[in-house]
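This is what each chain is made of:
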Amino acid sequence: MATTNPLADTNTSIQPVSSKAFCIAGINTDVFGFDELSPASKSISCLWLLHPRLQTKEIMASVAASCINDWNQRPSSDRTVGLIAVAFDQRNHGGRKVHDLANQAWREGNATHAQDMFSIYHGTALDTSLLIDHLGSYIFHGPEDPSITQHIVMGISLGGHSAWQVLFNEPRVTAGIVIIGCPDYINLMTDRARLSKLPDYTSTTPPGSTFLGSSSFPRTLLTTLQKSDPRSIIFPSPLPIPSNPPSPSQQAHLGPILTQHLAHKSILVCSGGVDKLVPYKCSQPFLDFLKGATDRERGWWREGGCKLDDRVYEGVGHVFSEGMRRDTVEFVGGVLEGGAGVQGKEGGSRL
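> I'm lost on the nonpolar core in this one. Help?
Across soluble globular proteins, nonpolar side chains show a tendency to be buried alongside one another. The biggest cluster of nonpolar side chains holds 46 residues, and the ones touching the most others in it are Trp48, Ile84, Leu135, Ile234, Leu258 and Phe289. Among the elements that take part in this core, helix α9 (residues 280–294) stands out by supplying 6 residues, more than any other. Phe32, Leu49, Phe331 and Val335 belong to the second largest nonpolar core, which has 36 residues in total.

This is how it looks when you write it as structure tokens:
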């Protein structure tokens, strides 16, 4: 499963922004847009950029530049609100790589692919929270310096999986963009085991009936998912997600969980309509559940104030398309202006 670079076709004409390197909590961290901050800035919004599998923090520079240039050039932008972006290597990537096989899939001979991939991007989500703790003391340490008052996360592919965890588990992150990522690890990896013709999947009748709990997806991994994987936090059982709407008793149980993890957050989800590596169908049951809960008019949990925009881009594979880039930039600007990001398109759409 050699992953092509989802940002391979990035527009090279994007004007770069400044980048400063810091070592924070032992993690090499790039901070973009610091030099472009207006002296009038009273508060800072920070966009956390989580890169794809087999890539490094440097590849997110163009995303940082797109969002920062757009915000700084907006005639209506509030110059008292500054925007910076931060990127760092995911665990076992770039300068943090310690074991190449752990980044590979079952087809490449990695028998612990499910454990490795989840633990790597789970670790990246934890690192994001750690860096949120400490970033301000490294870059804004003067008595008159502005404070970081808002955090947004954006992740692509493996970084998108991690962004879902950050959104669910880090209360200081109030908005996020998930690009070709999945909130349902059970669904994603069960489908991948099927496509990989993994013996732990194909050797049973019916196929896959004992995959969950096998050596390829151990029971202890299922238990770990319940602490940080969005689907497993809401639905600990590996059984299929119930159809909408939940019964009143289910709503009474699920509502407080959603409030704890997603209340008043804004989320943009961008998926490729023909993505074979992270198929939209693996995310769809969970996203349908969330849309049924959060719909502003009919949602059974609409009082939670969570705004979800689920977008599927027709004909797009496992790439960060130009349309996704435009929607990311628009979403970030909308959040900074105090809105919900992409305006007037909540719910779901196919583009």
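Having put the structure on the table, let's press on.
> Honestly, the packing of aromatic side chains in this entry has me stumped. Any pointers?
The description of an aromatic ring pair uses the distance of the two centres, along with the angle that the planes make with each other. Enumeration according to the criterion identifies 14 aromatic pairs in this entry. Ring plane angle 45 degrees and centroid distance 6.2 Å describe the contact between Phe168 and Phe286, whose orientation is recorded as tilted. Of this pair, Phe168 sits in helix α3 (residues 158–169) while Phe286 sits in helix α9, and the two are 118 residues apart along the sequence. Relative to Phe289, the ring of Phe286 has its centre 6.2 Å away and its plane inclined at 40 degrees; by these criteria the two rings are tilted. Note that Phe286 and Phe289 are positioned in helix α9 at a spacing of 3 residues, about one turn of the helix.

> Is there a simple way to explain the pattern of salt bridges in this structure?
Charged atoms that come close allow side chains of opposite charge to pair. Inspection of the entire model under this criterion finds 20 salt bridges. Two residues, Lys97 and Asp100, come together in a salt bridge whose shortest N-O distance is 3.3 Å. Asp100 gets classed as partly exposed once you look at its relative accessible area, which sits at 44%. Where Arg172 meets Glu170, a salt bridge forms, and the shortest distance between an N and an O atom there is 2.8 Å. With a relative accessible area of 34%, Arg172 lands in the partly exposed category. Overlapping salt bridges bring together Asp30, Lys57 and Glu58 as one network.

> Quick question: what am I supposed to make of the side chain of Ser45 here?
Residue placement: Ser45 occurs in strand β3 (residues 43–50). Take Ser45: its relative accessible area is 2%, and that puts it in the buried class. At a separation of 2.6 Å, a polar atom in the side chain of Ser45 contacts the side chain of Gln150. What Ser45 contacts, discounting residues up to four positions off in sequence, is Val81, Gly82, Leu83, Ile84, Gln150 and Leu336.

> How should the packing of helix α2 (residues 113–139) against α3 be read in this particular structure?
Packed helix pairs are characterised by how far apart their axes lie and by the angle those axes make with each other. The geometry of α2 relative to α3 is characterised by a closest axis approach of 9 Å and an angle of 55 degrees between their N-to-C directions. Taken together, the axes of α2 and α3 are oblique relative to one another. The element α2 and its partner α3 pack so that their crossing is right-handed. Contact residues: Met117, Phe118, Ile120, Tyr121, His122, Thr124, Ala125 and Thr128 in α2; Leu158, His161, Ser162, Gln165 and Val166 in α3. Classifying every residue of the contact of α2 with α3 by side-chain character gives 7 nonpolar, 6 polar and no charged.

> Which parts of the structure should I look at to understand the environment of Val17?
In this structure, Val17 sits in the segment before β1 (19–24). We classify Val17 as buried; its relative accessible area is 14%. C-alpha of Val17 to C-alpha of Ala65: the two residues are 48 residues apart in sequence and 5.4 Å apart in space. Apart from the residues within four sequence positions on either side, Val17 is in contact with Phe32, Gly33, Glu36, Ala65, Ile68 and Asn69.

> I keep staring at the environment of Trp106 and nothing clicks. Help me out?
Among the structural elements, Trp106 can be located in the loop between β4 (81–88) and α2. Residue classification places Trp106 among the buried residues on the basis of a relative accessible area of 9%. With 215 residues separating them along the chain, Trp106 and Ser321 place their C-alpha atoms 27 Å apart.

Criteria and thresholds
- Residues numbered from 1 in each chain as written.
- Predicted model: local features only at pLDDT ≥ 70, side-chain atom pairs only at ≥ 80, totals over all residues.
- Heavy atoms only, no water.
- Core = buried A, V, L, I, M, F, W, Y, C linked by side-chain atoms within 4.5 Å.
- Buried < 20%, exposed > 50% of the residue type's maximum accessible area, 1.4 Å probe, protein only.
- Helix = DSSP H or I, 4+ residues; strand = E, 2+ residues; numbered from the N terminus.
- Phe/Tyr/Trp six-rings, centres within 6.5 Å; stacked < 30°, edge-to-face > 60°.
- Salt bridge = Lys/Arg side-chain N within 4 Å of Asp/Glu carboxyl O.
- Polar contact = N/O pair within 3.5 Å; in protein donor to acceptor, adjacent residues only side chain to side chain.
- Contact = heavy atoms within 4.5 Å.
- Axes fitted to C-alpha atoms, helices over the stretch in contact; angles between N-to-C directions.
- Parallel < 35°, antiparallel > 145°, perpendicular 65-115°, else oblique.
- Left-handed = near helix turned anticlockwise from the far one by under 90°.
- Nonpolar A, V, L, I, M, F, W, Y, C, P; charged D, E, K, R; others polar.

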